[in-house]
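Coordinates in review
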Amino acid sequence: MAQTDQNVQTRTTLKLVGVVLGMFVFGFALVPLYDIYCQVTGANGKTASAYVVPEDGIAVDSDRWVTVQFLTNNNASMPWSFRPEVRSMKVRPGEMNQTTFYASNPAGYTMTAQAIPSVAPFHAAEYMHKTECFCFEQQVLATGEAIDMPLRFIIDPYLPESVQTLTLSYTLFDITDMTASAAAE
Amino acid sequence: MSAVIENHHDDHHHGPDKGLMRWVLTTNHKDIGTLYLWFSFAMFLTGGCMALVIRAELFQPGLQLVVPEFFNQMTTMHGLIMVFGAVMPAFVGLANWLVPMMIGAPDMALPRMNNYSFWILPFAFSMLLSTLFMEGGAPNFGWTFYAPLSTEYAPPSVTFFIFAVHLMGISSIMGSINVVVTILNLRAPGMRLMDMPLFVWTWLITAYLLIAVMPVLAGVVTMMLMDIHFGTAFFSAGGGGDPVLFQHVFWFFGHPEVYIMILPAFGIVSAIIPTFARKKLFGYDSMVYATASIAFLSFIVWAHHMFTVGMPIAGELYFMYATMLIAVPTGVKVFNWAATMWQGSMTFETPMLFAVAFVILFTIGGLSGLMLSIVPADFQYHDTYFVVAHFHYVLVPGSIFSIMAAAYYWLPKWTGNMYDETLGKTHFWLSFVGVNVTFFPQHFIGLAGMPRRYPDYALQFADWNMVSSVGAFIFGFSQLLFLFIVIKCIMGGKKATDEVWDGAEGLEWTIASPAPYHTFSTPPELPERSMA
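Residues numbered from 1 in each chain as written. Chains lettered and ligands numbered in written order. Predicted model: local features only at pLDDT ≥ 70, side-chain atom pairs only at ≥ 80, totals over all residues. Heavy atoms only, no water.

1. Quick word on the pattern of salt bridges
Residues and elements named next belong to chain B.
- Summed over all chains, the structure comprises five salt bridges over all chains.
- Among the ionic pairs, Arg22 bridges to Asp31, the shortest N-O distance being 2.6 Å.
- For Asp31, a relative accessible area of 2% gives the class buried. (Salt bridge = Lys/Arg side-chain N within 4 Å of Asp/Glu carboxyl O. Buried < 20%, exposed > 50% of the residue type's maximum accessible area, 1.4 Å probe, protein only.)

2. Thoughts on the sheet that holds strand β3 (residues 88-91) of chain A
All names here are of chain A.
- Overall, mixed pairing links the five strands, which are arranged β3-β1-β9-β5-β7 in an open sheet. Because the sheet does not close on itself, it has two edges, and the strands there are β3 and β7 (139-141). With strand direction ignored, the average angle separating the axes of adjacent strands in the sheet is 25 degrees.
- In this sheet, β3 lies alongside strand β1 (residues 66-74) in antiparallel orientation, the contact comprising four bridges. Residue Thr67 lies in a different strand from β3, and its bridge partner there is Lys90. (Pairing = 2+ DSSP bridges. Helix = DSSP H or I, 4+ residues; strand = E, 2+ residues; numbered from the N terminus. Axes fitted to C-alpha atoms, helices over the stretch in contact; angles between N-to-C directions.)

3. Focus: the environment of A:Asn73
Residues and elements named next belong to chain A.
- Relative to the assigned elements, Asn73 resides in strand β1.
- For the pair Asn73 and Phe173, spaced 100 residues apart in sequence, the C-alpha separation works out to 9.1 Å.
- Setting aside residues no more than four positions away along its own chain, Asn73 makes contact with Phe82, Ser169, Tyr170, Thr171 and Leu172. (Contact = heavy atoms within 4.5 Å.)

4. Focus on the sheet that holds strand β6 (residues 128-133) of chain A
All names here are of chain A.
- The strand order across the open sheet built from four strands is β2-β4-β8-β6, with neighbouring strands paired in antiparallel fashion. Two strands in the sheet have a free side with no partner beyond their single neighbour: β2 (81-84) and β6. Strand-to-strand twist of the sheet, defined as the mean angle between neighbouring strand axes without regard to direction, takes the value 25 degrees.
- With four bridges joining them, β2 and strand β4 (residues 96-104) adopt antiparallel strand pairing. Following the sheet pairing, Arg83 is matched in β4 by Tyr102.

5. Some thoughts on the interface of chain A and chain B
- Every contact between the two is made by 30 residues of chain A and, on the other side, 39 residues of chain B.
- Buried surface at the junction of chain A and chain B, both sides included, amounts to about 2900 Å², of which 73% is carbon and sulfur.
- At the boundary of chain A and chain B, one finds zero salt bridges.
- Counting across the chain A and chain B interface gives two residue pairs in polar contact (both at pLDDT 80 or more).
- Contributions of two or more residues to the side of chain A that touches chain B are made by α1 (6-41) and β5 (111-120) of chain A. (Buried area = accessible area lost by both parts, 1.4 Å probe. Polar contact = N/O pair within 3.5 Å; in protein donor to acceptor, adjacent residues only side chain to side chain.)

6. Points about the nonpolar core
- B:Phe84, B:Phe125, B:Phe145 and B:Phe161 are the most contacted members of the largest nonpolar core, which has 189 residues in total.
- Broken down by element, this core gets its largest block of residues, 22 residues, from helix α4 (residues 68-103) of chain B.
- Grouped together as the second largest cluster of nonpolar side chains are 33 residues, A:Trp80, A:Val119, A:Leu151 and A:Leu166 included. (Core = buried A, V, L, I, M, F, W, Y, C linked by side-chain atoms within 4.5 Å.)

7. What to know about the side chain of B:Glu349
Residue and element names in this part refer to chain B.
- Mapped onto the secondary structure, Glu349 falls in the loop between α12 (327-341) and α13 (350-373).
- Buried charge without a salt bridge: Glu349, with Arg278 as the nearest opposite-charge side chain at an N-O distance of 4.5 Å.
- Separated by 2.8 Å, the side chains of Glu349 and Thr347 make a polar contact.
- In this structure Glu349 touches Phe276, Tyr419, Glu421, Lys425 and Trp501, once residues within four positions along its chain are discounted. (Lys, Arg positive; Asp, Glu negative; His and termini not counted.)

8. Looking at the domain arrangement of chain A
- Looking at chain A, the domain boundaries give domain 1 (10-41) and domain 2 (47-184).
- Taking the mean C-alpha position of each, domain 1 of chain A and domain 2 of chain A sit 34 Å from one another. (Domains from an automatic or database assignment.)

As C-alpha cells, then:
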C-alpha cells in the first residue's frame, strides 16, 4: 500500500526528532543569547564588565552635572552590613570618579559574597562605565572582618540629555555554599 | 455497510485481547485513545478536588481548613494536573480516536510508540502526586514555577517534579510526532491537506507547536535541576545568572502551550457547529489560515506574561501590539462560527449546547485577554483574580467544554449507543451555570485588587468569593453526572446509527457504530471532492 511507505514515515519521524533535539539546544542557547541581548540594549539594567578607557581618553563634558545615586541591598538572609560611603555624587560626564562601599561580616564564620549591580533607568545602563568595581570579583570576609571596597567609574558623555539622575544599585548575595561546593569538586 | 465491515473484521481475526494485558500492550489507536481519555478524566477529577480545596478555603476570609503551605501546594498541583494531566491528554486521546478515522488511515503511523507515550503518563503523574506525601510537601511555587522560588527556596520534592515534567514532555513529544507522521503520510489516497477536517488541521498545527516548545520546557527544568544539584547558576543572580531569564524561557514554552490547549478545541467546535446548524462550515480556508497564524503569533508574544519585570518601553509596546494582533485571526474564527450558525436550521443537542457555549464564553475569555494585553492596565491586573478569571474562561468553558462537546458528539460512534439526551442537557446546564457563577465574580474581585495564590483575603472581597465557591462546587459535582452519563452510554442505550447525526460530514460517520476494532484496513474511496 503506497500510503504506508515505511521509508517515508521513517524520514518524517527522523526530521521531527531532529526538530525536537534542535529546540532542546535552542532552549539552552537562549541563555547566552539573552546575555548578549541585555548587554547590547542594557535591558534589565545590566552593566558591562570592566571598561577600558580609550587611548585618546574621553572628553569631559563640563557643561552638565549628572547625579549618581548609590543603593545597597542584602539578598534574602545575607547578614553582612553593606553600605555606600556616600549616598549620591554629582559628577561631570567623561570624568573619572571614585568612591568606596563598606562591608563587614558579623557572622560567626567566613563567608563569600558577590555583589550584583543594576542601573536605573535601564536605558542608561550602557553609559555607566566601571573601570574598577568590587562587583567584578567575590569578596571573602572572615568573622568580624570589614573592608572598604573601591568603585571607579566614568559616565559616558553620550548619556542622553533626559537622564539627570542615575541610580546604581548593588545587591549582595551570599554565595558561601556555591563556592564551597565548587571547591569541593 | 455494517455487514461488509463485519466480514472484513473476521478476515483480520485479531480483535482485542482479553483481560488487563489488552490495555497494557495495546497498539490499537482506539484502545489508546480510550486510555488517554479515561486517564485524563481521572486527572480532571483529581485536579478538580484540589480546586475544591482551594475554593472551600476561600469560601470565607480567614484561615479555616488548610494551612497556607498546603494551600500553595494545592494551587500548584491543581494547575499542573489540569494543564498536563487533564486537558493535554484529553486532546491526545481525541486525536488518537479520531485522526485515523477522519483521514481514512488504519491506525496511527507509529503504534508501538503510541503505546509508550500513553504509558509514560501514569508514571509521571504518580511521581508528581507522590510529592504530596514527601517531607516538605509537594511543589508550592505555582504551576509557572518561577525560579529562584522553585530552585533556591523550593521543597526537596522539586526534583521529583522536574523528572515528572521531563516524562510528561517526552510523552507529549512522542504523541505529537506520531500525529504529524500519521497526518502527513497516512491520508486516504486523494485527500489533500486542504480536504482534511478542521480537527485534523488544528491537531497537525498543535503537534508542531508541541514539538517546538516541549523541548524548551525540558530545557528549562533541566537548568533548574542543574541549579539545584550541580552548582550552576542559570537563574541565581548571586552566581551571575538571571531570574528574569527563567521567565523568558518558561513563557517561550508557556505561551505556545496555551494555544496547544485551545487549537484542537477550535477543530472540535468547527466539526460540531456545521452538523447541528445543518450548513457547511463557513470559511474553511480562512479557518486553516487563521489557525496557522495564531500558531505563528504564539511564538512572538511570550513576554506579555511578564510586563511587570521591568522591560524597556520598546519591548512592552512590541509585545502589546503583537498580542493584540492575535485577536485578528481569532476574530476570523469566531466570525466563521457565527456565520455558520447564521440562518442554519439549528437544533440544540448536548454537543451543540457545549459548542455554542464554547463560542460565547471563550470570546469573553479572549476579550479579557485583550484587556490584559494593554501594558498600563496590565500593571494593575497583573497577578490578580482578573488573570485567574481570564485564563479559566478560556480553559474551562473553552478547552474543557470543547472536550465535553467532543465526548458527547463522538460517544455514539465509540460505544454504538446514544447517550441519555436529558441527562446530557442537565449536565450542560449545571456546568454552564456552575462555570459562570465560579469565574465571572473573579473578574470583579480581581479588578478590585485581590491578588491570586493567597489563602486569605481582605473582607471587602468576601461576598464574591463566597459566590465563586458555591459555583465551583456546583460545577465540580456536576462532573460526576458526566461520569455517570458516559458509563450509562457504554453499558447500553438506544442504538446509534452509523451516521449518528443527520448530515454529519466526515469519514468517521461512514463506518459502523460502534467503530470496529480495525477500520480502513483498506483505504476508503473518498466521496466527491466537495467534502471539505
